[in-house]
Amino acid sequence: MATNFDFLRQTTFSDDDIARMLRLKAPEDVKRLQERAYELTTDLLGDEVYLRGLIEISNICTANCRYCGIRKSNHAVSRYTLPRHVVIGCALAAARAGYGSIAIQAGERTDRHWVEWISGLLREIHERTVSDTLPLGLGITLSLGEQPYEVYAEWAEASGNPDGLRYLLRIETSNPELFHKLHCTPGRHEKNLEHRMTALRNLRRAGYQVGTGVMIGLPGQTVEDLVQDIRTFQTIDADMIGMGPYLLSKGADMVDCGMMAHDPLLRLSLNMIAATRLVLRDVNIAAATALETLEPNGRILGIMSGCNVVMPNITPQATRSSYQLYDNKSGTEVGAESNTKIESDIVRIAGRRLGLNQLGSSIHWQSRR
Ligand code: SAH
Ligand code: SF4
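Throughout, residues of each chain are indexed from 1 in the direction in which the sequence is written. Chain letters and ligand numbers both follow the written order, the letters beginning at A and the numbers at 1. Side-chain atom pairs in this predicted model are given and counted only at pLDDT of 80 or more, local residue features only at pLDDT of at least 70, and totals for whole chains, interfaces and linings cover all residues. With hydrogens and water set aside, each side-chain value is computed from the structure's full complement of heavy atoms.

1. Focus on the overall build of the chain
Piece 1. Under the DSSP-based scheme used, a helix requires at least four consecutive residues in state H or I and a strand at least two consecutive residues in state E, with every element numbered from the N terminus. Helix and strand content of the chain: 14 helices and 13 strands.
Piece 2. Atoms counted for the radius of gyration: C-alpha only. Globule rule: 2.2 Å times residue count to the power 0.38. Radius of gyration (C-alpha) of the chain: 19 Å, near the 21 Å computed for a compact globule of 369 residues.
Piece 3. For the chain, the spread of C-alpha atoms along the three principal axes comes to 60 × 55 × 35 Å.
Piece 4. Here the accessible surface of atoms and residues is derived via Shrake-Rupley with a 1.4 Å probe, and residues count as covered only by protein chains that are part of the display. When the accessible surface of the chain is split by element, carbon and sulfur atoms take 53% of a total near 14700 Å².
Piece 5. Within the chain, the 43 negative side-chain charges are centred at a point lying 1 Å from the centre of the 41 positive side-chain charges. Only four residue types enter the tally: Lys and Arg on the positive side, Asp and Glu on the negative side; His and the chain ends are excluded. Here the site of a charge means NZ on Lys, CZ on Arg, CG on Asp, or CD on Glu.

2. Quick word on the packing of aromatic side chains
Piece 1. Ring pairs shown here join Phe, Tyr and Trp side chains whose ring centres sit within 6.5 Å, with only the six-membered ring taken for Trp; geometry is labelled stacked below 30 degrees between planes, edge-to-face above 60, and tilted in between. Counted by the stated rule, this structure contains five aromatic pairs.
Piece 2. Ring geometry for Tyr152 versus Tyr167: centroids 4.9 Å apart, planes at 70°, classification edge-to-face. Of this pair, Tyr152 sits in helix H5 (residues 149-159) while Tyr167 sits in strand E5 (residues 165-168), and the two are 15 residues apart along the sequence. The pair Tyr152 / Tyr167 is uniform in exposure class, with both members buried.
Piece 3. Where Tyr152 meets Tyr208, the ring centres are 6.2 Å apart and the plane angle is 70°; that geometry is what we call edge-to-face. Highlighted residues: Tyr152 in helix H5 and Tyr208 in the loop between helix H7 (193-205) and strand E8 (209-212), separated in sequence by 56 residues. Taken as a pair, Tyr152 and Tyr208 share a single burial class, namely buried.
Piece 4. Taken together, the ring pairs in this structure connect Tyr152, Tyr167 and Tyr208 into an aromatic cluster. Exposure classes here rest on a 1.4 Å probe applied to the protein chains alone. A residue is buried below 20% of its type maximum, exposed above 50%, and partly exposed in between.

3. A look at the side chain of Asn64
Piece 1. Here Asn64 shows up in the loop between strand E2 (53-58) and helix H3 (84-96).
Piece 2. When its relative accessible area of 2% is taken as the criterion, Asn64 is described as buried.
Piece 3. Pairing of N or O atoms within 3.5 Å defines a polar contact, subject to two protein rules: one partner must be a possible hydrogen donor and the other a possible acceptor, and residues neighboring in sequence count only if both atoms are side-chain atoms. Reaching out from Asn64, the side chain makes a polar contact with the side chain of Ser73 at a distance of 2.8 Å.
Piece 4. Residue contacts follow a heavy-atom distance rule, with two residues in contact if any of their heavy atoms lie within 4.5 Å. If we ignore the near neighbours within four places in the chain, the residues touching Asn64 are Arg71, Lys72, Ser73, Arg188 and Glu190.

4. Focus: the pairing of E2
Piece 1. Most of E2 is tucked away, with six of its six residues classed as buried.
Piece 2. Here five bridges tie E2 to strand E3 (residues 101-106), and the two strands are oriented parallel to one another. Bridge assignment links Ser58 to a residue of E3, and that residue is Ala106.
Piece 3. Note on handedness: a crossover is taken as right-handed if, strands pointing away from the viewer, the path from the first strand over the helix to the second is clockwise. The handedness of the E2 to E3 crossover, carried by H3, is right-handed. Strands qualify as paired when DSSP identifies two bridges or more between them.

5. A look at the site of ligand 2
Piece 1. The nearness test applies per residue and asks whether one of its heavy atoms lies within 4 Å of the molecule or strand. Surrounding ligand 2, one finds Cys61, Ala63, Cys65, Tyr67, Cys68, Ile70, Arg71, Gly107 and Glu108.
Piece 2. Residue composition of the shell around ligand 2, grouped by class: six nonpolar, one polar and two charged. Charged residues are taken to be Asp, Glu, Lys and Arg, nonpolar residues to be Ala, Val, Leu, Ile, Met, Phe, Trp, Tyr, Cys and Pro, and polar residues to be all remaining types, Gly included.

6. What about H7?
Working note: α-helix, 3.6 residues per turn, so residues spaced by three or four point in the same direction.
Piece 1. When the terminal C-alpha atoms of H7 are compared, their 19 Å separation across 13 residues agrees well with the 18 Å that a helix rising 1.5 Å per residue should span.
Piece 2. Looking only at H7, the buried set comprises Leu193, Arg196, Met197, Ala199, Leu200, Asn202 and Leu203.
Piece 3. Looking at the buried side of H7, the elements it contacts are H5, E5, helix H6 (176-183), E8 and helix H8 (223-236).
Piece 4. Residue Asn192 occupies the N-cap position of H7, its side-chain oxygen lying 2.9 Å from the main-chain nitrogen of Glu194. Working rule for helices: expected span equals 1.5 Å times residues minus one.

Shown next as structure tokens:
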């Protein structure tokens, strides 16, 4: 009997509809879902894919998230912070190459020295990237973990570009018990989901386009959890989503829990991206590096499933191996200039165009504003 896929054309979805999308398995069914997500992306957002040049500025972290290879207690990692002139060099190269926007990511640190160092960096990047092609300067996405409101506000001010200001802070999972298991060991209660939700509200209050996301295929995570993750993105009223598969890290604290096998994990990740597109509609969705690590064509498949943002790694090669959030992290790209060639090929194969020299803010955010 032919399966009826008319429900994919709805504009609102029940929890059962979303669970049904996530559970699709037969290749032809999965393809129908992806095609609908791709079509909706084109209808609502056009055919451009935006670039965020990812700079992993430091792997020093004061947190101990159990899934993460650069958590504080992993003493096998050699720690680095890129010198300021190196970060500025990456940012300028990204601006020259037409990226329009960069993402600055690091472990979590809340000390005053770090906060001020970031503020100074943001000021300099802004001052040096305002040009005729980028009249507002480079767009900036920060991914620097949980911070107090005052810090978010200070960085927002320092960035100098309220139109291109974003923050990516994943909830990791919307299931409080699973969140607890991912972050806490006996006697050590490091993080809780309520704080994370407060941080996300503070980001909105401080003027950021708010990005969040989850890891897909976490040990102990159910399809119902993923449905609730999408509902939580709605509650947060997220402007952008960055999510990818959970991948095992030997330096993390969850080796014994294992990870999903390649094929079902890839399928679930792409189903989750497509379902998020259908439910959240006009938000930006980034194809994560973890997807590319799981599958060499991950970024293309992500775009085919509804992603409209890619985040090529433009961190200098020398420190890449020390920023292993998970094992075998993809990092074959070379530098900002040559990346645009790679990215434009990827995007072309997926039937899209690169949105060069654009901030690429989400339509969702623009409409709210
Ligand atoms: N310290 C910041 C930014 C760096 S970590 C923060 O935590 O927000 C960025 C993201 O990497 C995390 O949100 C998490 O979802 C992802 N990550 C960490 N370990 C991972 C793993 N083993 N597999 C997949 N993603 C992982
Ligand atoms: Fe640190 Fe982020 Fe890794 Fe948690 S996920 S240990 S905050 S780098």
